[in-house]
Each structure stands twice: as structure tokens, then as C-alpha cells.
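Here are the chains, one letter per residue:
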Amino acid sequence: MSGPAVNQTTHPDLAEFRSKLGKIKESIRKRFNNGALASELVYVHAKETDQLLSLVWAKFISQNSDDIALIAVGGYGRGELFPHSDIDILILLANDYHEQHNDAISAFISFCWDMGIEVGHSVRTVDYCVSEARKDVSTITNLVESRFILGSKSLYVQLQAWISPEHIWPDKVFFKAKLQEQQLRHHKYGDSAYSLEPNVKDGPGGLRDIHIIAWVTKRHFDAENLHDLVTHGFLTQSEHSDLVAAQNFLWQVRFALHLIANREEDRLLFDHQTELAATLGYKNGKHKRAVELFMMHYYRTIKELSRLNEMLLQLFSEAILYDSSDNRVNNLNRRFQERDGFLEVTHDRVFINHSSALLEIFLVLQQNPKLNGVRASTIRLVRQHCYLIDDEFRADLGNRSLFMEIIRQPQGISHELRRMHSYGVLAAYLPSFANLVGQMQFDLFHIYTVDEHILTVVRNLRRFFVEAHQDELPLCSQIALSLPKPEILYLGGLFHDIGKGRGGDHSALGEQDAREFCLHHGLSNYDTEFVAWLVKNHLTMSMTAQRKDISDPDTIAEFAHIVGDQTHLDYLYLLTVGDIRGTNPKLWNNWRASLLQELYALTRRALFRGLDNPLDRESLIRHVKRLALALLEANNVSEKLAKRQWSHLEDEYFLRNSAEEVAWQTQAMIKIVDNSHVPFVMVSKIGQNKDTKIFTYSDPELIDPFAANTTALEKLGISIHDAAIYTTKDNYVINSYTILADDDHDDSVAMSDEEIENHLRKNLSTPSNEWAPVRRRQQRRLRAFKKPTQVTFSSDPQNERTIMEVVTIDQPGILSRIAQTLTQHNITARIAKIATLGERVEDLFALEDENDEAITDEKLLETLKNEIITALDEDKN
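1. Points about the overall build of the protein
On a plain count of helices and strands, the protein comes out with 38 helices and 16 strands. Each of the three principal axes of the protein carries a C-alpha extent, and together these read 105 × 80 × 50 Å. The contacts in the protein between residues at least 6 apart in sequence include a share of 71% that link residues at least 24 apart. Of the roughly 38400 Å² of accessible surface on the protein, a fraction of 47% belongs to carbon and sulfur atoms. For the protein, the centre of its 96 positive side-chain charges and the centre of its 123 negative side-chain charges are spaced 2 Å apart.

2. Comments concerning the sheet that holds strand 7 (residues 342-345)
Reading across from one edge, 5-6-7-8 is the order of the four strands in this open sheet, with mixed pairing throughout. Here the strands that pair on one side only, and so sit at the sheet edges, are strand 5 (329-331) and strand 8 (373-374). Packed on one face of the sheet, helix 15 (residues 357-367) meets strand 6 (336-339), strand 7 and strand 8 and runs near 45° to strand 6.

3. Let's talk about the sheet that holds strand 3 (residues 119-125)
Overall, mixed pairing links the four strands, which are arranged 3-2-1-4 in an open sheet. Edge positions in the open sheet fall to strand 3 and strand 4 (147-151), since each of these has one partner strand only. Strand-to-strand, the axes of this sheet are offset by a mean angle of 25°, without reference to chain direction. Here four bridges tie strand 1 (residues 68-73) to strand 4, and the two strands are oriented antiparallel to one another.

4. A look at the side chain of Lys833
Assignment of secondary structure puts Lys833 in strand 15 (residues 828-837). Within the local environment of Lys833, its side chain forms a polar contact with the side chain of Asp722, the two groups lying 3.4 Å apart. The residues touching Lys833, leaving out its near neighbours within four places in the chain, are Ala545, Gln546, Arg547, Lys548, His721, Asp722, Glu842, Asp843 and Leu844.

5. Observations regarding helix 7 (residues 153-162)
Along helix 7, the positions that sit buried rather than exposed are Leu155, Tyr156 and Leu159. Viewed along the axis of helix 7, the buried residues span an arc of 100°, placing them on a single side of the element. Buried-residue contacts for helix 7 involve strand 1, strand 2 (87-93), helix 5 (126-135), helix 6 (137-144) and strand 4.

6. As for unusual backbone geometry
The residue Glu800 is not glycine, and still its phi comes out positive at about 55°. By secondary structure assignment, the location of Glu800 is in the loop between strand 13 (790-796) and strand 14 (801-809). Non-glycine residue Asp852 carries a positive phi angle of around 60°. Residue placement: Asp852 occurs in the loop between strand 16 (840-848) and helix 38 (858-873). Residue class for Asp852 comes out partly exposed when judged on its relative accessible area of 44%.

7. Considering the packing of aromatic side chains
Counting across every chain of the model gives 30 aromatic pairs. A centroid spacing of 6.4 Å and a plane angle of 65° characterise the contact between Phe680 and Phe695, whose relative ring orientation is edge-to-face. Placement of Phe680 in strand 9 (residues 680-686) and of Phe695 in strand 10 (residues 691-698) is noted, with a sequence separation of 15 residues between them. With respect to class, Phe680 is no different from Phe695; both count as buried. By way of ring pairs, the aromatic residues Phe32, Tyr43, Phe82, Trp251 and Phe255 are connected into one cluster.

8. As for the pattern of salt bridges
Applying the stated criterion across every chain, the model contains 47 salt bridges. A salt bridge links Lys178 to Glu181, with the nearest nitrogen and oxygen atoms 2.5 Å apart. Of the two residues, Lys178 and Glu181 are both situated in helix 8 (residues 171-188); the distance of three residues between them amounts to about one turn of the helix. For Glu181, a relative accessible area of 26% gives the class partly exposed. The residue Lys218 makes a salt bridge to Glu224 at a minimum N-O spacing of 3.6 Å. With a relative accessible area of 61%, Glu224 lands in the exposed category. Residues participating in the shared-partner salt-bridge network are Glu652, Arg801, Arg830, Glu848 and Asp852.

9. Looking at helix 29 (residues 566-583)
Its 18 residues give helix 29 an end-to-end C-alpha distance of 26 Å, which sits within 8% of 26 Å, the value for a rise of 1.5 Å per residue. Most of helix 29 is tucked away: 15 of the 18 residues are buried. Looking at where helix 29 begins, the residue whose side-chain oxygen comes 3.1 Å from the main-chain nitrogen of Thr567 is Asp565.

10. Regarding the side chain of His240
For His240, the position within the fold is in helix 11 (residues 237-261). Residue classification places His240 among the buried residues on the basis of a relative accessible area of 11%. The contacts of His240, once residues within four sequence positions are left out, are Leu226, His227, Val230 and Leu235.

11. A short note on the environment of Leu713
By the secondary structure assignment, Leu713 is in helix 35 (residues 705-715). A relative accessible area of 0% places Leu713 in the buried class. A C-alpha to C-alpha distance of 9.8 Å links Leu713 and Asn763, two positions 50 residues apart in sequence.

Rules used in this analysis
- Residues numbered from 1 in each chain as written.
- Predicted model: local features only at pLDDT ≥ 70, side-chain atom pairs only at ≥ 80, totals over all residues.
- Heavy atoms only, no water.
- Helix = DSSP H or I, 4+ residues; strand = E, 2+ residues; numbered from the N terminus.
- Contact = heavy atoms within 4.5 Å.
- Areas by Shrake-Rupley, 256 points an atom, 1.4 Å probe, with all protein chains shown as cover.
- Lys, Arg positive; Asp, Glu negative; His and termini not counted.
- Charge placed at Lys NZ, Arg CZ, Asp CG, Glu CD.
- Pairing = 2+ DSSP bridges.
- Axes fitted to C-alpha atoms, helices over the stretch in contact; angles between N-to-C directions.
- Polar contact = N/O pair within 3.5 Å; in protein donor to acceptor, adjacent residues only side chain to side chain.
- Buried < 20%, exposed > 50% of the residue type's maximum accessible area, 1.4 Å probe, protein only.
- Arc of directions from axis to C-beta.
- Phe/Tyr/Trp six-rings, centres within 6.5 Å; stacked < 30°, edge-to-face > 60°.
- Salt bridge = Lys/Arg side-chain N within 4 Å of Asp/Glu carboxyl O.
- Expected span 1.5 Å × (residues − 1).

Take a look at the structure:
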């Protein structure tokens, strides 16, 4: 938005006003950096802006005019002005006949813009304001929180009278509209306050949640400030203090954010979080970085604010929406009753007289699913009496039994655990859990705080048992129905990450906590050790599937020995799936699902044979060939023709590929009659989960296929998750890839299988010096991470290979740069396993030298390491 320029010769004092504005901005910045609080400065900034606008107003508008007024609206209307907040004004007129003011208004607005105040303005009569306010809840809200600055005060009083609830937007209608507005706003942000880059103003638990309380308070109770809620009995003095403390903290964050970004910015972007932590005085702790301590404070603040917002809005609902004369009461027991569909205590001393009711309330809710929730007055009582949950409370047999009864209920488990967390009961009952509230890790892998992640995992586990969700993950639902004791799984989920944030191995710390809890709560020794084992090994299955070669019988035998029996395998599989899906929704995809299902099936088969009778390589190869032949015969391919193709292949090929892949690739190789068909490329969706697979068959004398393929795929924005390279007995090279579209990059290209085939075929036929480099933009979030690349080597004597692990920050072109470096040294990557964990990439390569052996030349390994680090880190500086 811009206004017509003011001629500086006509207004020689424009430079003076620019100087005044600059001094205000600089003074605000200096005072904040010198320790002044945002809770003071937002009002100072608004007041000084009032004074400056008043001086400008006086230059153009006559002080004697009684038909025009300058009104502040929006945040400026509340008298709260952050360094780069919008300055919204309303120029209020008495009637439509205001030609005498047109030039003056235009000059006023132009002068404001020219001196550097980008005002958002509207010019309206009282009647027009009222007419527009009738139509839109945002407009009436702006007018409700408006503030008179200068001009005709009587005109402003007239406007306030006409927009009162007696004329437009009665209390009930206004409250319903604001409630719906908040629900829509929360939904826009995923209904979660725990996003990686939360919005301090509009996100759930943000400043806007305080604003809605203030708007309803002002509209319904004609209250001028939040403290009036104490007078009206909606807040206790302690709750008011908590609300003000939360607001002041968020103001401090938002104020600093504006200064750091040097613009209006309300998102806590990764780019700013570390600098914000330093600006606000956070220091690195023993086990947590300064930025993690800052974000923990932030998440705990918005969690508390969300609790207060929920409680107050429910109190407002009871006062404004519901007819208190109805009051239908139904006694549930001596401690609880239902009133108008909501649960409440029978009297205010219930928790004093029966402290166990602090747990019982959640059991009652589980057993009465038709209840709409808990009355706000009872929520307050629960929160106020959490102090009763002490060591004596936790040691009480009745309370321990109540908690386990909640965990063993057939419904409402995850819902009530979340409610327990919201009311502060879960953290009080499980002190280890209290340490996790609001704890985050400064990365892109864990998108939830630890407490939120744990409850999300429990919810995921619970869904496996719910009939309505059986179509989501049919295998998980099928396994879940066979579990003898679901509570073992739920407890595994509840404790799997409870050891985080203390330093050391969180799995081992959690194992100890789980064991103590289970013994304390009366579980048998077997069940106790089962839960402890789940917690200790909760990462084992995902690490085995994603980081090891599960086509190797030794890998399966090793994992089978860890799980020991089918029951442990079933529980661990479900916990692993629930954990991955609860860490980051983008982590769960067909590729990971296929890996875990394959590991589950292979381990189940190994357990069925017996741990002392593992499958040998020859048996596995015969098994794969037998299944592949059956698939080929169904597609009219004879056994003789198939075996002729297979005679060119080494045994490892059959170990690393499923029967479906062998059958599919065999049909492809049959089509290759002579060298005119080379390079040959085929793309298709294979297997139960319809993973997209790529098969290429090429002559390595012409070009390195791994380097060619990875370069082509990365240029297309296609993410490679798994790669295998085989050399046939007649010296052709087969490359096999599992791919996914890279949805994280805006410049990824959606392509058909045929288009991918054409791109790969072209690159396999083009000399490497003619390949266009991978030039795709790195995600904005990733630029906040500068960790240098790490390259390590280890030996795999059984397969006579060298294992190379590369850990680096995600960026376009990683695989192609590594592949081209390997090619320059005549090194072949036989296996590549790709893991992208948020901002971090952890890639494993099984390497062979030009003699198809492990690399023993230490000098070569050091050179390789340095060249890969240089290739991957050149764009980070």
C-alpha cells in the first residue's frame, strides 16, 4: 500500500518528522537491548506513536472540527505496539458530506507514509462503521477494541453506543462467532501448539488466545482489563498472575523477534530461534542447549495458556450460552455427578476428602463416554489440588490400582491420558514425565515435544485395537487383536522416551523407570520385564530395518535372537510402527512400511524354524527362486527361459531381492536381446505396498550407472531410499532403486514412470562431463543447520566389503556427489541405504575396490573421506 508523495518543499518539516520517528524506533530498540521489558515498551511505543500522529494530524486537520476523529484500531487500538506491528487507524466522520476534509485526509495519510509510518487506514462514517460491523465479526472486534486518539470525542462515543450488544452482535452471537473463529484458527495450525516453527501470535496457545478472552470480557462484562475477570469470579488471583506472566513472556519473545527479523515476523522460524535464545538470555545447560531451554519455556508457556484459555471459554460458555435454570443433575457416585452433560464434583471439598478422586475422575469419564467433558469449575479444582499427588499418594495401593484400571479400560485410554496431562495430573503422578513437558530437540526430525510425542505414540497404539481404524494398517490391527495384554504395549509407549533429557542412553534410563513403575503397580515379574524390554529395545527394529542388510540371513538371525519369540516380536513391531508415526508424519511411507513388514515376516519365519536352526543362504535363495518361478509361470514365462536369465546372476542378487522383484526384473532382462537395448530402464510399482522401483541394466565400460542414475533422479527431485548394484557374470551392471517423490522441495517434479525412464536412459547414454549439475534450492529450514559432514569407515569381513557411513545436513545432490567421487577412484557401491532424519542425512554404503574386495588402503580411505566432505560442505559456508 502506498500514498501519494508529499512535496518536501511544501512540507519542509518532513525530514524533522522522519527524524522523530527514527528516534522513537531507535529508542525502543536500545531500551529493549538494555533490559527494558516488552510489557512496558509496547505501551510506550503506542503512546509515542499517538503523540507523533497527533502532531501530524494537527498539521492538516483543524482542532476545532467536531465532525472528524482519529481512532486507533487492532493491536494499536489495544495500546500495544510492537516494533514492526501494523499501525491501523480509522478516520471517523460524522456524515457522508465531508468534502471539506478530503484533501486534508489525503495529505495526512501521504505525510504518514512519506515519513515512514505505513498506516493501514479506513475512512468511514459512524453509520457505515455500524453497517459493516453487522456483517463481519472481525470488523466488530476491531471496533470493540478501538481507542480514541484525537478529534471529536463525542463522535467516538456515538460510535461505541451504536455498536453495543443492545444494537448489534448480542453477547451470545458474538461469543459463538469468536469461538468458531478460534477453532478455525487452531485448525489452520494443525490444532497443535507444538509445531517446529510456532506462530507466537496466531498459533494455538499464542497471543490471539489471550485476545479472545479479552474481547469476550470487554464485550460481555464491559471489563477494561483481564484483572476484572478476578472481580467477576472467572479467574482466581493465581490464575490471573499465570495469565499475565504468559502474556508478558510471549510479548518478550515477539518483541525480540521483530527486532531480529527487522520486520513484522510472528513465526519462530529456525533461522531465528538460536539468536532469540541468546537475546533473551538463555545459556547452554548440562544436557540441553540454550535454544532447547528457550523453546521448552515457550512450549510450557503456551501449554499453560491453552489450559487457561480452554477453562475460561468453558466458563464463558456456561455463563453466556447455557441456561443456568435448566440444571439437570444426575448423580454418578458420591464424588461425581453429571450436570447438563458435563462431569462435575458433588462438592468443592471432594479432592480434599478423597484425594484418589484426582485419578478416579478420568476413570469415570472412560466409563461414561456420553459425557461431553468436565465442567470448568471442576477442572480448576483438579488443577488446584494436584499438590496432593505426592509420594504418599503414589504409594497408595488404591491409587496405583486406579491408574492401572485406566490403562486397562477398553476405551478412552489415550483421550484420558491427554486430559490427565492437560490438567497437570499425569506430570504429578509420573515425576519423570514432568521433566519432559515442553522438551524439544533443535532438529527437523522430532516435530513434537517429547511429552506430546509420547501421548501421540500411545494414541497410535490404541488405534490398532479400534475397529473403525482397521483399514489404516491392517497388519498392525490383525496383530493387535492377538495380543494377550494390550496394557503392556501401552506402558511400553508411555515409557519408551521417558528417559530423554537426562543425559546418557534414554532407552536404558527409560528401561529402569519402566521396571520400577511396573513392579510398584503390581505387574508380574514377567510382565514387568516385558515392558522394560520393550522400552530398552524400542529403536532396535527400526534401526535393523533401515540401517542393516535384512536380506542377509545373519542379520535376521541376530534380530531373532534379540526378540526371542513371536510374542515379543508382535509387541515390538507395533511399538515401532506407532513410534515412527508419532515422531514425524513424513517419516511413515511405503518404503519404511515395506522394510518393517519384510523384517517382521523374515523374523517370524526364523522364529518358526527355531533359533538353533536359522535359514542358510542356499535355503533362502531356493525359496526366492521357487516363489519367483510361480509368479513368472503365471505370466507365461517358462522355467527354462527364467533359469537361462538367472544363469548370468550371482547368488547375492537372489538374497537381496524379493520374489516379486526377481520376477519383474527377469521379465525385463528377457526383453534385452542384444546391446541395442542397452541401457535398459524400467520403472514400476512392486510389492504389497506398491513401492516405486527402478531397474536399470547397462554397460559399465561406457558410464558409471550409479553416478548417472543418482544425478538424474536428484535433478528430478526424486528421493532415493534404497539402492543395490549387481554385476552380472557377463559384466553388465544391474542397478535397483526404491524411490519416493521428494515432497519437501517446492521444485520437485511430478513425473510419470515413462518420463522417469526416458530421463534415466538419456543420462546413462551421456558422458559424465556433459551432465548438468544438480542445482536445486536447499530448504529454508535447513539453512539454520551448519553441522559439518562426517565420514567414517568400518569393515564387513564376512562380505569382504568396506562400510562407509556419511552423516551430513540434507541438501540437493548428496548421492550424486558421493557417487561421482567414488567413480573417480574406481570404487563401487554395492549397497546404499539412505536415511533422511529431519535435517540430517545418514547414508550407508557397502564399498568394493576395483578387484571386488574390501578397501584396505588407508591412504585411499583418507582421500575419499576428505573429497566427500569437501564436495558436500562446499555450499554450507
